[in-house]
2 protein chains.
Amino acid sequence: MARIRLFIDHPLGTGQPVPLDAAQAHYLGGVMRLSPGAVIEVFNGRDGAWSARIASAGKRGGSLDVLEQTAPQRNPPDLWLVFAPIKKARTDFIVEKAAEMGAARILPVQTEFTNSERIRQDRLQAHAVEAAEQCGGTFVPAIADLAPLPRLLDGWDASRRILWADEAMAGPADTLAGLPRGPWAILIGPEGGFSDAERARLRALPFVNRISLGPRILRADTAAVAALALWQAALGDW
Amino acid sequence: MARIRLFIDHPLGTGQPVPLDAAQAHYLGGVMRLSPGAVIEVFNGRDGAWSARIASAGKRGGSLDVLEQTAPQRNPPDLWLVFAPIKKARTDFIVEKAAEMGAARILPVQTEFTNSERIRQDRLQAHAVEAAEQCGGTFVPAIADLAPLPRLLDGWDASRRILWADEAMAGPADTLAGLPRGPWAILIGPEGGFSDAERARLRALPFVNRISLGPRILRADTAAVAALALWQAALGDW
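Before going into details, it helps to say that this report is about the structure given with it. What you see is a predicted model; the values in this text were computed from it and never measured. (Residues numbered from 1 in each chain as written. Chains lettered and ligands numbered in written order. Predicted model: local features only at pLDDT ≥ 70, side-chain atom pairs only at ≥ 80, totals over all residues. Heavy atoms only, no water.)

1. Focus: helix α3 (residues 121-134) of chain B
All names here are of chain B. Put simply, the rule reads: Secondary structure is summarised from DSSP: a helix means a run of H or I of at least four residues, a strand means a run of E of at least two, and numbering begins at the N terminus for each. One less than the number of residues in a helix, times 1.5 Å, gives the span that helix is expected to have. Burial classes follow relative accessibility: with a 1.4 Å probe on protein chains only, a residue under 20% of its type's maximum area counts as buried, one over 50% as exposed, and anything between as partly exposed. For this analysis, residues touch if any pair of their heavy atoms sits within 4.5 Å.
Over its 14 residues, α3 extends 20 Å from the first C-alpha to the last, a length consistent with the 20 Å expected when each residue adds 1.5 Å. Among all positions of α3, only Leu124, Gln125, Ala128, Val129, Ala131, Ala132 and Glu133 are buried. For α3, the secondary structure elements touched by its buried residues are β1 (5-7), β3 (39-43), α2 (88-101) and β8 (142-143). Backbone geometry just downstream of α3 places Gly136 in the positive-phi region, at approximately 75 degrees.

Set out below in structure tokens:
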């Protein structure tokens, strides 16, 4: 549990020297108090997990020597999470949870009732990296830039179905058990829900299925985690 | 969406005057900037939701006049959440999410690998109240005091089944679809999992079912929300 893990965007293989940037070297030497010779685990999102020995870790950077593979690469199912960004802490939370629970790609989307005009894509990507480091993963979901919902839907590949957790649902919900496997995206609205125009468009799309998340109103971050769990259990790799 | 809601631990009925304590009066008058005459929604966890008019709100307290019932009382299914407290922010989060998602009772439990020796029960209860206020609920789950797991299991009523989200599961998981309805408790371990002795005891209990939450290691707060979602969808009121 206490194993130190580091995401490194660099090819990994036995005997491969890997450079550390200043932030990584400071984390290992300054924060975690590791000395040269200490062994950590590294991953790059593509080549599984590897043990690596610290060769040097100083103020301006350092380097690792990669030893051997400790776990194979394991990618999540082909599930995207499309969500409207909310307050900072809750947006961070959604990204962390989506990375933990096995989303392959995370797409912040701007809706009519979205509060945020922009996001810090780099900060959210760093959260996804940290979640993978903490949780023993070998995959890091990519965070897309904020895009308007109409543009996202204009360019949507109809072979990827959308699971819409619809707060204001009238009529019966789809049940996950009967839905086909394959590429999916979960769509979570902002706190104020979707506008009438957005709802009409979503309802008319043949690749959209609506599900209910129960009789209580859920915050957007709760709805995201709940929908991820239901999808993973019914159609994913749980 | 912008309706102001307040939990009041007092009987509610048309024409009923309700006293406000200093904190409640400050919230309405000082924080939300409401004046006497403004109408809010109140609930007490037992009698549904009611509209109420502010009669007075000053530094030392105030009062409301209850107008009429706006929603019936709605209680969640008979589901408890038993969890090992973790870091403060994540424990707060578990309580908030459990209240939103419809847990009837929340029981912090001390396990061999639990970091916390004590909890602030009053602070956690306030979080549950706030979650119900925010999410339009009429029910507030009670937060129990921290209890050691062995004592909790010694006094356990065997008619309440336990759904154990077992990180270190060997062998096949139970599937939720086949499990009976009725009183349940979800059990979530601490970050380090359960000890061998705890695991042996849990496995031997005839009212415990184990489920898997997938191949990735989840943080305890993520596991709690995921298990709540799966239980609600399969056996609850979603």
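Back to the write-up after that little detour.
2. What about the sheet that holds strand β2 (residues 17-20) of chain A?
Residues and elements named next belong to chain A. In plain terms, the rule: DSSP-based pairing: two strands are paired if at least 2 bridges between them are found. Axis definition: a line fitted to C-alpha atoms, limited for helices to the stretch in contact. Angles are taken between N-to-C directions and run from 0 to 180 degrees.
Pairing within the open sheet is mixed, and its five strands lie in the order β1-β3-β4-β5-β2. Only two strands of the sheet have a single neighbouring strand rather than two, namely β1 (5-7) and β2. For this sheet, the mean inter-axis angle between neighbouring strands, taken without regard to orientation, is 40 degrees. With respect to the sheet, helix α1 (residues 22-31) is in contact with β1, β2, β3 (39-43), β4 (49-58) and β5 (61-71), its orientation differing from that of β2 by roughly 95 degrees. Of the strands in this sheet, β1 and β3 touch helix α3 (residues 121-134), which is tilted by about 150 degrees from β1.

3. Describing the relation of the copies chain B and chain A
Here the two chain copies are tied together by a rotation about an axis and a shift along that axis. Note the following rule: Alignment of copies: least-squares fit on C-alpha atoms of residues with pLDDT of at least 70 in both copies.
Taken as rigid bodies, chain B and chain A are interconverted by a rotation of 180 degrees and an axial shift of 0.0 Å, the fit giving an RMSD of 0.0 Å. Such values leave the two copies arranged in the relation of a two-fold axis. Comparing contact sets, 100% of the residues at the interface of chain B also lie at the interface in chain A, consistent with an isologous, same-surface contact.

4. Points about the interface of chain B and chain A
Basically, it comes down to this: By definition, the buried area sums, over both parts, the 1.4 Å-probe accessible area that each loses when the two are put together. Salt bridges are defined by distance alone: a side-chain nitrogen of Lys or Arg within 4 Å of a carboxyl oxygen of Asp or Glu.
Residue-level contacts link 32 residues of chain B with 33 residues of chain A. Taken together, the two surfaces of chain B and chain A that pack against each other cover about 2,800 Å², and 57% of this comes from carbon and sulfur. The largest per-residue losses of area from chain B upon contact with chain A belong to Arg216(B), Arg219(B) and Trp238(B), which jointly make up 24% of the total buried on that side. Across the contact surface, chain B and chain A share ten salt bridges. Across the pair Arg219(A) and Glu96(B) runs a salt bridge whose closest N-O atoms are separated by 3.0 Å.

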